[in-house]
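# Coordinate inspection notes
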Amino acid sequence: VQLQASGGGLVQAGDSLRLSCATSGRTFRGYSVAWFRQGPGKEREFTAAIRWSARNTYYADSVKDRFTISRGGTENTVYLQMNSLKSDDTAVYYCAASSSIILSSLRVPSSYAFWGQGTLVTVSS
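Residues numbered from 1 in each chain as written. Predicted model: local features only at pLDDT ≥ 70, side-chain atom pairs only at ≥ 80, totals over all residues. Heavy atoms only, no water.

To continue, consider empty space enclosed by the protein. Scanning the model with the defined rule gives one cavity of 30 Å³ or more in all. Empty space within the largest cavity amounts to approximately 50 Å³. For the largest cavity, the full set of lining residues is Arg-37, Gln-38, Gly-39, Lys-42, Glu-43, Glu-45, Asp-88, Thr-90 and Ala-91. In terms of residue class, the lining of the largest cavity is made up of one nonpolar, three polar and five charged. (1 Å grid on protein atoms, 1.4 Å probe; cavity = no way out; pocket = protein on both sides within 12 Å on 5 of 7 lines; lining within 4 Å. Points joined across faces, edges and corners; volume = space filled by probe spheres on them. Nonpolar A, V, L, I, M, F, W, Y, C, P; charged D, E, K, R; others polar.)

Here it is in structure tokens:
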């Protein structure tokens, strides 16, 4: 499974941005798909996740009510809609996917078998 993250860029605080994670080789059916981010000098942290089949979504407290993870119109894409962006949201955003992840492990990077290359989001204040 190959993942391609895209949509990053330079925006101002308060702006919105939508990231895309596209898969090739297979669909996301049956997978859990997540976004993680890594800010300057910080560890990679969980941002949001979706269980493809059940459509259940999960968010880090820091982005809840501002970010929305969703399935695309096809089974090959997951989006992360980011609203009311803050300077603290500046990071490289990575999408990740894996099957058979238990709920308690959804927020753990090592639970994911497949990773995209990352897309940089810079929020200027």
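Let us look at the pattern of salt bridges. For the coordinates displayed, the defined rule picks out four salt bridges. Residue Glu-45 is joined to Arg-37 by a salt bridge in which the shortest nitrogen-to-oxygen separation is 2.7 Å. The shortest N-O distance in the salt bridge between Arg-66 and Asp-89 comes to 2.8 Å. In this pair, Arg-66 sits in the loop between strand E6 (57-59) and strand E7 (67-71) while Asp-89 sits in the loop between strand E8 (77-82) and strand E9 (91-99), placing the two residues 23 residues apart along the sequence. Owing to a relative accessible area of 11%, Arg-66 belongs among the buried residues under this scheme. Salt bridges sharing common partners tie together Arg-37, Glu-45, Arg-66 and Asp-89. (Salt bridge = Lys/Arg side-chain N within 4 Å of Asp/Glu carboxyl O. Helix = DSSP H or I, 4+ residues; strand = E, 2+ residues; numbered from the N terminus. Buried < 20%, exposed > 50% of the residue type's maximum accessible area, 1.4 Å probe, protein only.)

This paragraph deals with the state of the cysteines. Going through the model one piece at a time under the given rule, you end up with one disulfide. Paired by a disulfide, Cys-21 and Cys-95 hold their sulfur atoms 2.3 Å apart. Between Cys-21 and Cys-95, the disulfide has an S-S torsion of 70 degrees and is therefore right-handed. Of this pair, Cys-21 sits in strand E3 (residues 17-24) while Cys-95 sits in strand E9; the two residues are 74 residues apart in sequence, bridging distant segments of the chain. Side by side, Cys-21 and Cys-95 carry an identical accessibility label, which is buried. (Disulfide = S-S within 2.5 Å.)

This next bit is on the pairing of E7. As paired elements, E7 and E8 share five bridges and run antiparallel to each other. Looking at E8, one finds that Phe-67 is bridged to Met-82. Between E7 and E8, which pair antiparallel in sequence order, lie five residues. (Pairing = 2+ DSSP bridges.)

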